[in-house]
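Single-letter residue listing:
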Amino acid sequence: MFAVTPSIAPEIFAIAPGFRALSVVVQAAPLTAPAVADRLLATACQSVVAGDIPWAEAHLADWSEVFKKFGAKPKRTPCSAEALHKRVLRDGQLPSIDPLVDLYNAVSIRYAVPVGGENIAAYVGQPRLTIAEGSEQFDTVKDGQPALESPDAGEVVWRDDRGVTCRRWNWRQGVRTRLGAEATQMWFILESLPSMPLDALLAAGDELTRGLTLMMPGATVHSNLIGAELP
């Protein structure tokens, strides 16, 4: 089993006191049951519409405040969980993208928690959450064509030794490390603030693990908590 050791810069905790995350590493197996993701996504959407998540509004509001602290405008570039949440409230559902993406989107909206999924084999070095200088490169798509851009100085980003892998903390993932069903080495990160109960974060990780092992019997999954104020 390969290892992933994400790190968090100390400055992050000044922006988001009590920030903690669940890191989930997966050695994939053949994906034989993609319909599992369809069912979980539909159930998660129904849960959002029904308002079954008691901490959702507070948690998403706290993420908006955190984004403001590093200069982001959450109404224009919200955290990933809020963007999905708003879309489900507006449309009642989410379109299918890819079985793995659908699975972690289902966990994200069911638990009102930002979830990122990465092809860790495409990383150069280990993932780290840090403050951007503004000169780093981020690969994206503009007008349907590959493009490079740089984050704002002071922006919170996930990155590796080559460049930025996710801008504005968890707002937009890059192309280079994008996860798809063909990946064999996967890394997921579930990111929470104190207004989300720790047991809810752990439950979200359990749901992700169950979905992965149902979709890919034989997959190996390991998870661990990272961040501040862990028991």
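Conventions and cut-offs
- As a convention, each chain's residues are numbered from 1 in the sequence order in which they are written.
- Side-chain atom pairs in this predicted model are given and counted only at pLDDT of 80 or more, local residue features only at pLDDT of at least 70, and totals for whole chains, interfaces and linings cover all residues.
- Side-chain figures throughout are based on the complete set of non-hydrogen atoms in the structure, without hydrogens or water.
- What we call a nonpolar core is a set of buried Ala, Val, Leu, Ile, Met, Phe, Trp, Tyr and Cys residues that are connected through their side-chain atoms within 4.5 Å.
- Residue burial is assigned from relative accessible area. The probe radius is 1.4 Å, only protein chains are included, and a residue is buried under 20% of its type maximum, exposed over 50%, and partly exposed in between.
- Secondary structure elements follow DSSP: runs of H or I no shorter than four residues count as helices, runs of E no shorter than two count as strands, and numbering proceeds from the N terminus.
- The criterion used for residue contact is that any of the two residues' heavy atoms lie within 4.5 Å.
- UniProt positions are given in the numbering used here, feature names are shortened, and annotations may be inferred rather than shown by experiment.
- For salt bridges, the criterion is a side-chain nitrogen of Lys or Arg within 4 Å of an Asp or Glu carboxyl oxygen.
- By the convention used here, strands pair only if DSSP detects at least 2 bridges between them.
- Lines fitted to the C-alpha atoms define the axes, with helices restricted to the stretch that makes contact. Angles between their N-to-C directions range from 0 to 180 degrees.

## Re the nonpolar core
Then step 1. One finds Ile109, Met186, Phe188, Leu190, Leu208 and Met216 to be the most contacted residues of the largest nonpolar core, which totals 42 residues.
Then step 2. When contributions to this core are tallied by element, the ones reaching two or more residues are β2 (20-27), α2 (35-50), α4 (80-91), α5 (99-111), β10 (185-192) and α6 (198-215).
Then step 3. For this core, the leading source of residues is α5, giving 8 residues.
Then step 4. Apart from residues lying up to four places away in sequence, Ile109 is in contact with Leu41, Ala44, Cys45, Val48, Ile53, Leu84, His85, Val88 and Leu94.
Then step 5. In terms of nonpolar packing, the next biggest core, distinct from the first, is built from 29 residues, Phe19, Ala21, Val66 and Ile189 among them.

## Considering the UniProt feature "domain: B3/B4 tRNA-binding" (unreviewed entry) in the protein chain
Then step 1. UniProt records the feature "domain: B3/B4 tRNA-binding" (unreviewed entry) for residues 61-217 in the present numbering.
Then step 2. As a span, residues 61-217 carries 33% helix and 24% strand, and end to end its C-alpha atoms are 37 Å apart.

## Things to note about the pattern of salt bridges
Two side chains with opposite charge may pair up if their charged atoms get near one another.
Then step 1. Under the criterion given, the structure shown has 9 salt bridges.
Then step 2. For Glu149, the salt bridge goes to Arg167, with nearest N and O atoms at 2.8 Å. Of this pair, Glu149 sits in strand β6 (residues 145-149) while Arg167 is found in strand β8 (residues 164-167), placing the two residues 18 residues apart along the sequence.
Then step 3. Salt bridges sharing partners connect three or more residues here, namely Lys142, Glu149, Glu155 and Arg167.

## Focus on the sheet that holds β10
To summarise the sheet geometry, strands pair through backbone hydrogen bonds and adopt either a parallel or an antiparallel arrangement.
Then step 1. Spatially, 4 strands are ordered β3-β10-β2-β11 in an open sheet, and the strand pairing comes out antiparallel. For this open sheet the edge positions go to β3 (115-119) and β11 (220-227), each flanked by a neighbour on one side alone. Recorded for the sheet is a direction-independent mean angle of 20 degrees between the axes of neighbouring strands.
Then step 2. Across 8 bridges, the pairing between β2 and β11 is antiparallel. The residue of β11 that forms the bridge with Ala21 is Ile226.

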